[in-house]
Amino acid sequence: MSRTDILMTAPMMPIVIEALDKAFTLHRLWEQSDQAAFLKDVGPRIRGIATSTLYGRLEASLLDRLPKAEIISSFGVGYDNVDAVEAGTRGIVVTNTPGVLDDEVADLAIGLLLATLRKIPQADRYLREGKWLKAPFPLSATLREKKVGIVGLGRIGKAIARRLAGFDVRIAYHGRTQQDDVAFTYHPTIVGLAEASDILIVITPGGASTKHLINAEALKALGSNGVLINVARGSVVDEQALIEALKSGTILSAGLDVYDDEPRVPQELIDLEHVVLLPHIASGSVHTRNAMGKLVADNLISWFDGKGPLTPVAETPYTGRAG
Ligand code: NAP
Ligand code: 8YV
C-alpha cells in the first residue's frame, strides 16, 4: 500500500520531522528551489499539511494546489497563520496545539510582568556597564497592592490567574462572555477593565476579532501608572498608539513578547529604555516546544489512522469523517 503524502511548509523540530518521516512520505516545501513546479508535481497527492508561523499565513492559493488535502496540523495554539474558515469550506480539518503550553506561557507572562515592573533587564545592564560602582540602581515600580486585568481568561489566562493568586493582587478580566464559574470581576468592555486596572495582561487569540483591541483609548484608561503586558499577538495592540502612549507617559511601561511584523520590531520601541522586549519566546522551552511538536505529529497520525483529529479548532469541528 502506498504511504500517505504529507507536506511540511517550513522547517519544524526534529521530533516532528522524525515522527512524520516514520509514518508518512514527508515532502519539505522549504527545500524546493522551484516550489511552483514541485507543487504541480506533488500537490495533487498531498493529503495532510504540517505548518507553523515560520511559513507565514497559509492562504487559499496554496490549498488550490492541494486538492486532496484533508487536514492542516498547525504548530502553536494560536492559529491566525491559517485561514481556518477557508479550510473548513473546503472540508479540511485544522488542528492546533492547545493545553500543552499553558504553564510555560503563564510562567513567562509572570516573568515578563516582574521584569517590567522591577526593571530586571535594565538592572542587569546597569551592573554590567559598571554604573553600580557610582550609584545604586534607582527604585522601581511594584506589584504590591496592584489590580491586574487579564484580557482573555482562557486556558492560558487562567494559568496566569492561578500564579497571580500567590502574589496577593486583585484580578479582573475581559472577554466577549462572562464566565459563571470564575470569581473574578468581569468587565464587558476593554476600556472598563483598563480603567479598573493598574496592569493589563493580554492573552487573547489574534485575528480580526481582536485587532487593536488595545487602542489609544484603552491605554489612556489604563493611566499614567499603568503597565501593559502582551503575550498574545502583536495585532491585538495598536503598536503605534502604544509607542505614543509610552513616549508621552500616558502609560508607565510595557512588557512585550509579540509584535505586529515579527521578527521586525519598530526602532521606536527598541529605543525606549523603560520597555522590556522579548523575541516571542513564551512557549520556547525545549520541553514545551517538544510537547507542541508531538501534538502536531499526533494529530496527523490519529487522522490517518481513522481516529479523527486530537485537537481540531472551533471553525472545523470533527464530524466523524477521518481519513
Ligand atoms: P483560549 O483558551 O481559547 O482563550 C482565549 C481567551 O480569549 C478566551 O477567554 C476568550 O474569551 C478570549 N477572547 C477570544 N476572542 C476575544 C475577543 N474578540 N475579545 C475579547 N476576548 C476574546 O486560548 P489560549 O490557549 O489561552 O491561548 C490564547 C492565545 O494566546 C493564543 O490564541 C495565542 O494567540 C496566544 N499565545 C501566545 C504565545 C506566545 O508565545 N506569546 C503562546 C501561546 C499562546 P471569550 O470567548 O469569552 O471572548
Ligand atoms: C509559538 C505561540 O511559539 O502557541 C502559540 O500561539 O505563539 C507560540 O507558542 C508559535 O506559534 C510558533 O510558531
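Residues numbered from 1 in each chain as written. Chains lettered and ligands numbered in written order. Predicted model: local features only at pLDDT ≥ 70, side-chain atom pairs only at ≥ 80, totals over all residues. Heavy atoms only, no water.

Before going further, it helps to spend a moment on the side chain of aspartate 102. Among the structural elements, aspartate 102 can be located in helix α5 (residues 102-118). It turns out aspartate 102 is buried and unbridged, and the closest side chain with the opposite charge, arginine 155, is 4.6 Å from it. In this structure, aspartate 102 is in contact with Arg155, Ile156 and Ala159, ignoring residues within four places of it in sequence. (Helix = DSSP H or I, 4+ residues; strand = E, 2+ residues; numbered from the N terminus. Buried < 20%, exposed > 50% of the residue type's maximum accessible area, 1.4 Å probe, protein only. Lys, Arg positive; Asp, Glu negative; His and termini not counted. Salt bridge = Lys/Arg side-chain N within 4 Å of Asp/Glu carboxyl O. Contact = heavy atoms within 4.5 Å.)

All chains considered together, the criterion is met by 18 salt bridges. Salt-bridge contacts for arginine 57 lead to aspartate 83; the nearest nitrogen and oxygen are separated by 3.8 Å. Pair noted here: arginine 57 is in the loop between β3 (46-51) and α3 (60-64) and aspartate 83 is in the loop between β4 (71-74) and α4 (84-89), with a separation of 26 residues, a long-range link. Ionic pairing is found between glutamate 86 and arginine 90, a salt bridge with its closest N-O pair at 2.6 Å. The class of glutamate 86 is partly exposed, set by a relative accessible area of 23%. The class for arginine 90 is partly exposed, based on a relative accessible area of 32%.

A separate point is the domain arrangement of the protein. In terms of domains, the protein is made up of domain 1 (5-100 + 287-304) and domain 2 (102-277). Using C-alpha coordinates to define each centre, domain 1 is positioned 32 Å away from domain 2. On the domain 2 side, the residues contacting the eight residues of domain 1 number seven residues. Both sides of the domain 1 and domain 2 interface together cover about 560 Å² of buried area, and 46% of this is carbon and sulfur. Between arginine 233 and aspartate 80 there is a salt bridge, with its nearest N and O atoms 3.0 Å apart. (Domains from an automatic or database assignment. Buried area = accessible area lost by both parts, 1.4 Å probe.)

Within the fold, serine 197 resides in the loop between α8 (190-195) and β9 (199-202). Only 2.6 Å separates the side chain of serine 197 from the backbone oxygen of leucine 193, close enough to count as a polar contact. With near-sequence residues (within four places) excluded, serine 197 lies in contact with Lys147, Val148, Gly149 and Leu222. (Polar contact = N/O pair within 3.5 Å; in protein donor to acceptor, adjacent residues only side chain to side chain.)

This part is about unusual backbone geometry. Residue proline 263 is reached from glutamate 262 by a cis peptide bond, and omega for that bond is 0°. Positive phi, normally seen in glycine, also occurs at lysine 119, with a value near 55°. Tracing the sequence through the fold places lysine 119 in the loop between α5 and α6 (120-128). Even without being glycine, histidine 280 reaches a positive phi, approximately 45°. Residue placement: histidine 280 occurs in the loop between β12 (275-277) and α12 (286-304). Residue classification places histidine 280 among the partly exposed positions, given a relative accessible area of 29%.

As a further point, take the UniProt feature "domain: D-isomer specific 2-hydroxyacid dehydrogenase catalytic" (unreviewed entry) in the protein. Look at the UniProt record and you will see "domain: D-isomer specific 2-hydroxyacid dehydrogenase catalytic" (unreviewed entry) annotated at residues 7-313. The distance separating the terminal C-alpha atoms of residues 7-313 is 20 Å; by composition the span is 36% helix and 15% strand. (UniProt positions renumbered as here; feature names shortened; annotations may be inferred.)

As a further point, take the site of ligand 2. Close contacts around ligand 2 come from Thr53, Phe75, Gly76, Val77, Gly78, Leu101, Arg233, His280, Ser283, Arg289 and Met292, and that covers them all. A distance of 2.9 Å separates an oxygen atom of ligand 2 from a polar atom in the side chain of arginine 289. Summarising the interface, the protein chains cover 88% of the accessible area of ligand 2, which totals 320 Å² for the free molecule. Residue classes in the shell around ligand 2 are distributed as four nonpolar, five polar and two charged. (Near = heavy atom within 4 Å. Areas by Shrake-Rupley, 256 points an atom, 1.4 Å probe, with all protein chains shown as cover. Nonpolar A, V, L, I, M, F, W, Y, C, P; charged D, E, K, R; others polar.)

What follows deals with the sheet that holds strand β7 (residues 170-174). Strand order in the open sheet formed by seven strands is β8-β7-β6-β9-β10-β11-β12, with parallel pairing between adjacent strands. Among the strands making up the open sheet, the edge pair consists of β8 (185-186) and β12. In this sheet, β7 lies alongside strand β6 (residues 147-151) in parallel orientation, the contact comprising five bridges. Bridge pairing links lysine 147 to arginine 170 in β7. (Pairing = 2+ DSSP bridges.)

Here the focus is the pairing of strand β1 (residues 5-8). Residues in a regular strand project their side chains so that they alternate between the two faces of the sheet. Burial along β1 is two-sided: Asp5 and Leu7 and Ile6 and Met8, pointing in opposite directions, are all buried. Sheet topology note: the β1/strand β2 (residues 25-28) ladder contains four bridges and is parallel. Paired with leucine 7 across the bridge in β2 is histidine 27. Traced from β1 through helix α1 (residues 14-23) to β2, the parallel crossover comes out right-handed. Sheet analysis places β1 next to β3, joined by four bridges and oriented parallel. The residue bridging methionine 8 from the neighbouring strand is alanine 50, located in β3. (Right-handed = clockwise from strand over helix to strand, strands pointing away.)

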